[in-house]
Amino acid sequence: MKTSSWLSGTRLFSLVRIVTACTLVSAGAALAFVAAHPARVVAAPTYDINTLAGKVASLRGTAGLQIRFSAFIEEEAEEEEGPRSPTAITPVHVLSSPLDGTTIVAPNVLVNRDTAAAPQNETAIAVDPNNPNRIVGGANDYVTRTWSCFVNGTPCSALGDGYSGTYYSNNGGSNWCCNSNPNANYTPTTDPAQIGTLIPGVERLVGGQYDAGGDPSVAFDSQGHVFYAGLGFNRTSPPNTVAVNKGTFDGGGNLTWGPPTFINQTTSPSTLNDKEWIAVDSHAGSPFQDRIYVSWTRFIFQAGTGAYVQSPIWFVYSTDGGATFSTPENISGSAHYSQGSHPVVGPDGTVYVFWNGSTRLASLNSTYMAKSTDGGDTWSQPLSVATVTNIPGVRSTVFRVNSYPAAAAAPNGDVYATWNTEVDNTTPIYTGDPGCAYFIPGNHVSTCHSVAVYSKSTNSGQTWTDPAPVFAAGSRTAAGYPVTQPTPEPGGCQAGDGCNGSTFNAPSPTGPIEDVFPAATVAANGNVYLGAYRGTTVSPWQTCFSGPPPPVGRITCDFLGPYINNTRLDYVVRDLSGSTNAVNTQHINTRYGFGGGFFGDYTDIAAGSDNFFHAFWTDSNNVQNVVWFYGSQFVPTPIHQQDVVTGSGNF
């Protein structure tokens, strides 16, 4: 991130809208000016949409629009490789906080098994419907960035990027498998002994054709097979795809992944596939039992100028275990400007797809739903579950956010959807408040905050209850104050920058607790569990005043800067019929990894037939030694990174 401010520093994710009638009037005035002064016409910008960076720039440069790619794609687009270090780097300063843990503390369980400080984020989880002890998780896994092997003399870590990682447990999540173990002189391979449970056949280092992949989603069928959906793409050239791999467990409980089936595979620079999600009809007796469903966003650009056109939701299904998929179908209706789709399947085989989207003239977005009662062959017109004020971020953080929905279907056919919306601090409106919309001039976003809400349908999605908050409102708790600001340092931070030796106290008032990245599941007994991060604590964080560019700058800082306020998170789960509890054992600091600007796009939660839920989130309370990172070698240096962690229970 380029700034630490709450509003401008967060990579704002929202969906397209024409902001207000005032915007239209301004546009008309501009056209009138151009007609009167033709010599002053400024040429429309063009964008190199052969690259991810060019596509991201096109979206950000589209006047009057607020659409964004997923945070994962944005992070991949802006990652800089930087020069390789000929000798091992000794960091000057490694940012940390004495309030953070140094290991994952029980009953939380560390899921990823690497030991070299590789980051992981964006969690997806599923439980075998026939075996509640068998669980599969997925995450964006950057483990190859820390591999100490070489490919033709080049460090493997220099070739590593975001990859599709998986992890599995056969004992209810108490232990997880596996770790990668590449040979010293590595040849790109699909050999499970070397790549662990990285998904094979998508990215180059694991025998595929793409530079990078990720955005995981996992689901079981009724036969105990597991399916992994993710993306494959290049950062500096057009090829991209949605991929689905089928996983099979043997008699000893070992998981083996088959080759990918590619969906909407393209080399056209005018198309980019983003933010897919998978669901499988695992309901015994359903007319579409074991049918596989995948939805995703298809971003479309003009071939000549690279200008953004639209981003509808597309859908496919498979009737042969993921070997082939149906012809892709646009299910967005008039909500052409959409993102963050999430399919779920009801016990009668009805498929519901939820997403965050907008029609062309809408002032606010909506959580949309479309459904199919014939296995995905035909679809209803999209229905607005509720209007949404897309959130701009969480106070005192810089990680990118969104208002994507999550959803789950209950055994009795009830359907639940949950998402984030921005509301006023004192008079909250949960059905969309224009006064809290950061993109509308004259708003009062400084007195608004992000809330997780949910809605329920008892009639197969025909009507929905008014959105209600998932959690009770509250104020952040201050911890770690006061601290003393650093004093001026030659060549570094000066008094005018905030390094003046003054006392830095907690904010007063501390501000409201904010929610982000909600998830939903329903247990076999009908208990509905909703989970989300909650920004419950505010504490001081010492910034980096200046440092080397990424990737080295992700590890080390040359000069320290002043302290700022930093919101730390809990992962909180609510049983709608009972209790609400934080399931993490330590507060989660989002400042670690990726410059603090990327902490994933979502969390997940799943329940088994034993009625235990398994919440799965990105955590940062773990310290490991980094030696290789993205092509640069370090003197073994203990650092915090992003790991993926579970917490289980039933309330």
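The text that follows walks through the structure, step by step, so that each part is easy to find. (Residues numbered from 1 in each chain as written. Predicted model: local features only at pLDDT ≥ 70, side-chain atom pairs only at ≥ 80, totals over all residues. Heavy atoms only, no water.)

Let us now look at the overall build of the protein chain. Summing up its helical and strand segments, the protein chain has 6 helices and 37 strands in all. With the C-alpha coordinates aligned to their principal axes, the bounding extent of the protein chain is approximately 75 × 70 × 55 Å. Counting every position in the protein chain, which comprises 651 residues, the buried fraction comes to 60%. Residue pairs at least 24 apart in sequence account for 66% of intrachain contacts in the protein chain once pairs closer than 6 positions are excluded. Carbon and sulfur atoms make up 52% of the accessible area of the protein chain, which totals about 22,300 Å². Side-chain charges of the protein chain comprise 28 positive and 46 negative groups, with the mean position of each set lying 6 Å from the other. (Helix = DSSP H or I, 4+ residues; strand = E, 2+ residues; numbered from the N terminus. Buried < 20%, exposed > 50% of the residue type's maximum accessible area, 1.4 Å probe, protein only. Contact = heavy atoms within 4.5 Å. Areas by Shrake-Rupley, 256 points an atom, 1.4 Å probe, with all protein chains shown as cover. Lys, Arg positive; Asp, Glu negative; His and termini not counted. Charge placed at Lys NZ, Arg CZ, Asp CG, Glu CD.)

Below, the discussion takes up the environment of Thr521. Within the secondary structure, Thr521 is located in strand β28 (residues 515–522). When the C-alpha atoms of Thr521 and Trp617 are compared, they prove to be 14 Å apart, with 96 residues separating the residues in sequence. Contacts of Thr521, omitting those with residues within four sequence positions, involve Ala408, Asn527, Val528, Tyr529, Ile605, Ala606 and Ala607. A polar side-chain atom of Thr521 sits 3.2 Å from the main-chain amide nitrogen of Ala607. (Polar contact = N/O pair within 3.5 Å; in protein donor to acceptor, adjacent residues only side chain to side chain.)

Applying the stated criterion across every chain yields a total of 32 aromatic pairs. Relative to Tyr337, the ring of Tyr308 lies with its centre 6.5 Å away and its plane at 55 degrees, an arrangement referred to as tilted. In this pair, Tyr308 is assigned in strand β14 (residues 308–310) and Tyr337 in strand β17 (residues 337–345), connecting sequence segments 29 residues apart. Overall, the relative accessible area of 7% leaves Tyr308 in the buried class. (Phe/Tyr/Trp six-rings, centres within 6.5 Å; stacked < 30°, edge-to-face > 60°.)

Turning to the sheet that holds strand β34 (residues 613–619), a few remarks are in order. The 4 strands are arranged β1-β37-β34-β33 in an open sheet whose pairing can be described as antiparallel. One side of each edge strand has no neighbouring strand; the edge strands of this open sheet are β1 (109–110) and β33 (604–607). Across 7 bridges, β34 lies against strand β37 (residues 643–649) in antiparallel orientation. Paired with Phe613 across the strands is Gly649, a residue of β37. (Pairing = 2+ DSSP bridges.)

Here we take up the packing of helix α3 (residues 52–60) against helix α4 (residues 71–78). Relative orientation of the contacting elements α3 and α4 amounts to 120 degrees, with a least axis distance of 8 Å. With respect to α4, the element α3 is oriented oblique. You can see that α3 and α4 cross each other, and the crossing is left-handed. Here Leu52, Ala53, Val56 and Arg60 of α3 lie close against α4, whose contacting residues are Ile73, Glu74, Glu76, Ala77 and Glu78. (Axes fitted to C-alpha atoms, helices over the stretch in contact; angles between N-to-C directions. Parallel < 35°, antiparallel > 145°, perpendicular 65-115°, else oblique. Left-handed = near helix turned anticlockwise from the far one by under 90°.)

Below, the discussion takes up the sheet that holds strand β22 (residues 415–424). Strand order in the open sheet formed by 4 strands is β21-β22-β23-β24, with antiparallel pairing between adjacent strands. The sheet is open, and its two edges are formed by β21 (406–409) and β24 (468–469), each paired on a single side. The pairing of β22 with strand β23 (residues 448–457) spans 10 bridges and is classified as antiparallel. Opposite Val415, over in β23, you have Ser457 as the bridge partner.

It is worth spelling out the pattern of salt bridges at this point. Counted under the stated rule, the structure contains 15 salt bridges. Among the salt bridges present, the one from Lys456 reaches Asp414, with a minimum N-O distance of 3.8 Å. Separated by 42 residues along the polypeptide, Lys456 in strand β23 and Asp414 in the loop between β21 and β22 bring together distant segments of the chain. Taken together, the shared-partner salt bridges in this structure form one network comprising Arg60, Glu74, Glu75, Glu78, Arg400 and Arg554. (Salt bridge = Lys/Arg side-chain N within 4 Å of Asp/Glu carboxyl O.)

Attention shifts here to the nonpolar core. The biggest cluster of nonpolar side chains holds 36 residues, and the ones touching the most others in it are Phe69, Val244, Ile263, Ile278, Val294 and Phe299. Looking at this core, the elements with two or more residues in it are α3, α4, β7 (212–220), β8 (226–233), β9 (240–249), β12 (271–280), β13 (292–301) and β15 (313–318). In this view, Ile278 contacts Ser217, Val218, Ala219, Phe227, Ala229, Val244, Ile292, Tyr293, Val294 and Pro343; residues no more than four positions away in its chain are not counted. Judged by nonpolar contacts, the second largest core, of 24 residues, contains Leu110, Phe399, Ile588 and Ala615. (Core = buried A, V, L, I, M, F, W, Y, C linked by side-chain atoms within 4.5 Å.)

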